[in-house]
Amino acid sequence: MGFRSLSLRTQQIILGLSAGILFACTVVYHIHLEVWGGWNVRWREVLAELAVAATFGLVYQLLADHFQQRKLGPIRALWSLSLVMLGIVFLSGLFGLHYEKGMWFFTHKIPDRTIPGVLVICGMAFLQGAGGAFLLVQLRELVLFKRTAVTVRNWYMLLWSLVGTFGAVVLEKMIPIPYVVEFAIVFAGATIIINVFRLSWVAYLPFRQKIIGLAVSLVMLLVLFAAFSEAVPMRKWNFIIWEADPFVAQYSFALNLTLTLTLVLGILYSVTTLLSLIFHLPTSGDFQRKTDDLAAMRALTQMVGQVFDAQHLPKLVLESVRQFVGEEQIAWLALSDARTGTLRPKVAAMTGIAESQLTRWIDLDAFYAELQTRREPLILNHAVRDHRIHTPGYEIGSLAMMPLITRNEVIGALFVGKTLADGFDEDDAKSLGAFADQVALAIDNARLFEERIEKERLGRELAIAREVQKRLLPDKLPEIPGASLFASYEFAHEVGGDYFDFVQADANRYSFIIGDVSGKGTSAAFYMAALKGTYHALARSDADPRTLLLKANEALSVQKEKNIFITAIAGLLDADTETLTMLRAGHSPAIHIDLHGQVRQLREGGLGLGLTNSKVLAKTFIPITLPLRPGDVFVLYTDGVIESRNAMGEPYGYERLTEALKKCRQEDAAGIHAALLADLNQFTGDLRYFDDLTLIVLKWHGQSVRTHM
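Residues numbered from 1 in each chain as written. Predicted model: local features only at pLDDT ≥ 70, side-chain atom pairs only at ≥ 80, totals over all residues. Heavy atoms only, no water.

K.L.:
Outline the overall build of the protein chain, supporting the account with residue identities and numerical values.
P.N.:
Scanning the protein chain from N- to C-terminus turns up 21 helices and 15 strands. In the protein chain, the share of contacts with a sequence separation of at least 24, taken over all contacts with a separation of at least 6, comes to 70%. Counting only carbon and sulfur atoms, one obtains 60% of the accessible surface of the protein chain, whose full area is about 34,400 Å². (Helix = DSSP H or I, 4+ residues; strand = E, 2+ residues; numbered from the N terminus. Contact = heavy atoms within 4.5 Å. Areas by Shrake-Rupley, 256 points an atom, 1.4 Å probe, with all protein chains shown as cover.)

Shown next, in the form of structure tokens:
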């Protein structure tokens with residue numbers, strides 16, 4: 001299990017304990033060296049310096065992990081940095097006075113080579129070393145604001161240059177290499193210069209925070225100078241280098257030099273921060289405007305995913321527009337009417353202007369006409385000169401028209417007006433264009449959502465209607481002595497227009513009907529229900545097919561819409577006399593095939609129901625009465641059977657139906673029905689029926705045989 005797999009708290013405890021142990025070792029080393037005069041051996045001095053480096057490296061990592069979890073923000077980072085450095089300067093000055101002159105709890109100067117003296121030196125070194133680590137951690141948050149790969153690389157170059165300077169001092173103690181420390185210092189200085197100009201966070205501050213930042217950065221600069229004022233010139237080299245603190249130098253010269261460079265980094269960064277804040281103050285308004293634009297765009301983007309009310313959406317859009325262009329401006333949103341299919345946009349919402357003013361001042365039709373042909377943004381920076389604008393004064397100095405285009409279709413336009421001329425520059429046009437794209441997307445999403453809801457509602461209604469229609473069909477066929485009977489209904493749509501039914505008129509007579517309503521959907525289902533009502537009302541009292549169809553025609557003529565008619569065949573089977581009477585009203589002809597395979601299409605008959613009045617219709621009827629002989633098969637069907645098509649578009653047709661019937665005529669009604677459907681399905685393949693399909697098979701076996709369907 002690796003170190004980073006541990007919890008953050010465990011990692012911090014381990015880092016803190018390790019830093020404490022290493023620091024304690026360095027304290028023991030200095031006590032042994034300064035008080036007891038032992039261990040003045042070079043390699044042990046090098047080990048002590050490495051322990052110092054490890055101690056403050058761990059402190060840096062501990063603080064970095066802590067503040068990685070608790071981001072302060074630029075201003076709070078500057079402020080906390082100023083307070084911490086001020087505290088360190090104060091404590092350093094306090095302990096320094098105790099150490100040198102004796103104050104409060106020390107009545108005299110602490111001797112250097114005593115244990116208290118060494119503890120004070122080590123304590124001040126730790127305090128200032130930890131302060132340097134805190135300074136680096138806070139500056140890292142500022143330098144790496146909006147980080148890029150380059151800025152991260154530069155920051156780590158800075159850290160490694162500080163480590164390299166520390167290492168160069170230690171190396172110089174072991175192996176005297178000319179100018180190695182000087183080279184390390186120059187390199188560290190170069191990395192400091194590179195990083196102190198990394199101030200991208202300044203541009204994102206609003207005006208008020210820039211003012212606060214100015215004050216805080218000035219305080220930080222003064223505090224760091226105060227820390228620097230305690231420095232004394234190092235006399236180790238001939239060029240000017242300042243040490244952070246003489247007590248730290250006594251603890252570790254390498255640490256002292258590293259802290260000095262860190263202080264220089266802090267001071268230079270404070271200076272560049274101060275100057276940058278001053279220079280960015282005049283641009284705060286422009287930047288705030290961009291921030292507001294982004295906020296409005298973000299709000300609109302959220303609206304795209306959350307608001308699906310197409311009626312309420314235009315008002316919400318204009319609220320975002322006011323945030324986008326300013327409260328004092330005017331705007332309106334014109335949209336095409338998706339429900340009526342009207343392409344000419346209508347004003348859906350407006351802000352900053354009354355509808356009466358809008359129609360009086362603006363020639364909307366002229367703008368809409370240009371919108372359909374132009375399909376691109378239109379910016380009028382001197383709107384009063386345009387012939388389509390008739391304001392009494394300078395109420396509209398400039399006007400922008402942004403088309404709303406989605407899926408290559410113009411669904412409307414967003415209009416924004418300003419009282420000043422030249423109110424829209426190129427940047428404004430791009431921003432408004434992007435805003436309009438989001439508006440178009442939001443409106444399109446809302447409309448699609450409404451369409452989906454409407455389809456789901458219709459789907460539920462059609463499902464209910466289909467269930468009701470199924471209940472209109474007979475759930476059980478009558479058992480006819482001497483005959484077998486089988487029937488089926490296949491829906492091509494949610495609600496179809498086919499209908500069939502059987503009613504036992506008396507002990508020996510059975511009435512039946514098959515019909516097909518022109519058209520589909522709920523309207524066809526309605527007429528199907530009306531036909532069923534008429535049929536059931538009359539079938540038991542007067543089962544004569546002629547009477548049934550004429551009465552049904554009278555009932556439907558009152559209720560039906562124009563261009564709606566019903567084709568039907570009504571029949572009556574008399575098991576006692578072994579006869580079958582049928583009357584055809586414009587329906588697909590029934591097919592009769594006898595035991596020997598002789599086929600006859602019963603085409604005699606008249607017009608469909610609903611096409612004319614009953615008096616005229618009666619003249620077109622030609623009833624057919626056939627004697628029933630064993631083996632006679634009658635097939636009744638709707639046009640969904642013969643008009644079914646295969647993949648090549650060929651219809652199934654009468655001939656294929658007849659040929660299939662010849663092959664299976666020896667079966668009973670159920671077997672013939674299954675064979676005909678199998679032949680039809682083989683012909684159409686995997687294609688779904690495009691029309692409702694009803695198929696009835698009646699086979700007469702004779703009085704001597706009783707079969708059931």
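K.L.:
With reference to specific residues and values, describe the nonpolar core.
P.N.:
Judged by nonpolar contacts, the single largest core of 74 residues is most densely connected at Leu139, Trp155, Trp201, Tyr251, Leu255 and Tyr269. Broken down by element, this core gets its largest block of residues, 13 residues, from helix H4 (residues 115-143). The next biggest cluster of nonpolar side chains, apart from the first, holds 56 residues, and it includes Leu477, Phe491, Ile514 and Ala575. (Core = buried A, V, L, I, M, F, W, Y, C linked by side-chain atoms within 4.5 Å. Buried < 20%, exposed > 50% of the residue type's maximum accessible area, 1.4 Å probe, protein only.)

K.L.:
Explain a nonpolar patch on the surface residue by residue, including any values.
P.N.:
On the surface, Leu171, Met174, Ile175 and Ile177 cluster together into a nonpolar patch covering about 330 Å² of accessible area. Within the fold, Ile175 resides in the loop between helix H5 (149-174) and helix H6 (180-196). What makes Ile175 partly exposed here is its relative accessible area of 46%. (Patch = residues over 30% accessible without salt bridge, like charges linked within 9 Å, V, L, I, M, F, W, Y side chains within 5 Å. Salt bridge = Lys/Arg side-chain N within 4 Å of Asp/Glu carboxyl O.)

K.L.:
Explain the sheet that holds strand E15 (residues 693-700) to me, and be specific about the residues and the numbers.
P.N.:
Read from one edge to the other, the open sheet built from five strands follows the order E6-E15-E14-E11-E12, with strand pairing classed as antiparallel. At either end of the open sheet lies a strand with only one pairing partner, and these are strand E6 (483-490) and strand E12 (599-602). The sheet shows a mean angle of 15° between the axes of neighbouring strands, direction not considered. When strand E14 (residues 633-637) meets E15, the two strands line up antiparallel, connected through five bridges. Bridging from a neighbouring strand, Leu636 pairs with Ile696 of E15. Packed on one face of the sheet, helix H20 (residues 653-664) meets strand E11 (590-593), E12 and E14 and runs near 30° to E11. Against the sheet, helix H21 (residues 669-684) contacts E6, E14 and E15, and its axis sits at roughly 145° relative to E15. (Pairing = 2+ DSSP bridges. Axes fitted to C-alpha atoms, helices over the stretch in contact; angles between N-to-C directions.)

K.L.:
Tell me about the packing of H5 against H6, residues and numbers included.
P.N.:
When two helices pack together, you describe them by how their axes are tilted relative to each other and by the distance separating the axes. At their nearest, the axes of H5 and H6 sit 9 Å apart, and the two run at 165° to each other. Taken together, the axes of H5 and H6 lie roughly antiparallel to each other. When the axes of H5 and H6 are compared, the crossing they make is left-handed. Judged by residue contacts, Asn154, Trp155, Met157, Leu158, Ser161, Gly164, Thr165, Ala168, Val169 and Glu172 of H5 engage Val180, Val181, Ala184, Ile185, Phe187, Ala188, Thr191, Ile192, Ile194 and Asn195 from H6. Taken together, the residues of the contact of H5 with H6 sort by class into 13 nonpolar, six polar and one charged. (Parallel < 35°, antiparallel > 145°, perpendicular 65-115°, else oblique. Left-handed = near helix turned anticlockwise from the far one by under 90°. Nonpolar A, V, L, I, M, F, W, Y, C, P; charged D, E, K, R; others polar.)

K.L.:
Residues and numbers for the pattern of salt bridges, please.
P.N.:
In this structure the tally under the stated criterion is 12 salt bridges. Across the salt bridge formed by Arg140 and Glu141, the nearest N and O atoms sit 3.0 Å from each other. Across the pair, exposure class does not vary: Arg140 and Glu141 are buried alike. Three or more residues joined by partner-sharing salt bridges are found here, namely Glu370, Arg374, Asp386 and Arg388.

K.L.:
So, the environment of Ser614: which residues are in play, and what are the values?
P.N.:
With respect to the helices and strands, the residue Ser614 is situated in helix H18 (residues 614-620). We classify Ser614 as buried; its relative accessible area is 13%. In sequence terms Ser614 and Ala552 are 62 residues apart; their C-alpha atoms lie 9.2 Å from each other. With sequence-adjacent residues up to four places away left out, Ser614 is seen in contact with Leu550, Asn553 and Glu554.

K.L.:
So what about the environment of His66? Which residues, and what values?
P.N.:
Looking at the element boundaries, His66 is found in helix H2 (residues 42-69). Assessed through its relative accessible area of 27%, His66 is described here as partly exposed. Distance from His66 to Val137, taken between C-alpha atoms, is 9.8 Å for residues 71 residues apart in sequence.

K.L.:
Can you break down the packing of aromatic side chains residue by residue, with the values?
P.N.:
All chains considered together, the criterion is met by 11 aromatic pairs. The interplanar angle of 40° and the centroid separation of 5.8 Å between the aromatic rings of Phe56 and Phe126 together place this pair among those described as tilted. Of this pair, Phe56 sits in helix H2 while Phe126 sits in helix H4; the two residues are 70 residues apart in sequence, bridging distant segments of the chain. Ring centres 6.2 Å apart and planes at 40° place the aromatic pair Phe502 and Phe512 in the tilted group. Placement of the pair is Phe502 in strand E7 (residues 498-504) and Phe512 in strand E8 (residues 509-517), with a sequence separation of 10 residues. Neither Phe502 nor Phe512 differs from the other in exposure class; each is buried. Above the ring of Phe367, the side-chain terminus of Arg388 is found at 4.4 Å from the ring centroid. Here the guanidinium or amino end of Arg603 rests over the ring plane of Tyr654, the centre of that ring lying 5.1 Å away. (Phe/Tyr/Trp six-rings, centres within 6.5 Å; stacked < 30°, edge-to-face > 60°. Lys NZ or Arg CZ within 6 Å of the ring centre and 35° of its normal.)

K.L.:
Got a sec to walk through the pairing of E11? Specific residues and values, please.
P.N.:
Neither face of E11 is exposed, since Ala590 and His592 on one face and Ile591 and Ile593 on the opposite face are all buried. Sheet topology places E11 next to E12; four bridges connect them, and they run antiparallel. From the neighbouring strand, Ile591 faces E12, where its bridge partner is Gln601. Hairpin connection from E11 to E12: five residues lie between these consecutive antiparallel strands, with Gly597 at a positive phi of about 90°.

K.L.:
How would you summarise the packing of H20 against H21 if you had to cite specific residues and measurements?
P.N.:
Relative orientation of the contacting elements H20 and H21 amounts to 140°, with a least axis distance of 9 Å. Taken together, the axis directions place H20 and H21 in an arrangement best described as oblique. In the packing of H20 onto H21, the handedness of the crossing is right-handed. Judged by residue contacts, Arg656, Leu657, Ala660, Leu661 and Cys664 of H20 engage Ile672, Ala675, Leu676, Asp679 and Phe683 from H21.

K.L.:
Which residues make up the sheet that holds E7, and what values go with them?
P.N.:
Within a sheet, adjacent strands bond to each other through the backbone by hydrogen bonds, running parallel or antiparallel. A sheet is described by the order of its strands in space; here five strands give the open sequence E7-E8-E9-E10-E13, paired in antiparallel fashion. At either margin of the open sheet sits one strand with a lone partner, and together these are E7 and strand E13 (624-627). In this sheet, adjacent strand axes meet at a mean angle of 15° when their direction is disregarded. Inspection of the sheet shows E8 paired to strand E9 (residues 566-574) by nine bridges, in the antiparallel sense. Bridge pairing in E9 places Ile514 opposite Ile569.

Everything listed here is a matter of geometry and, on its own, says nothing about what the molecule does.
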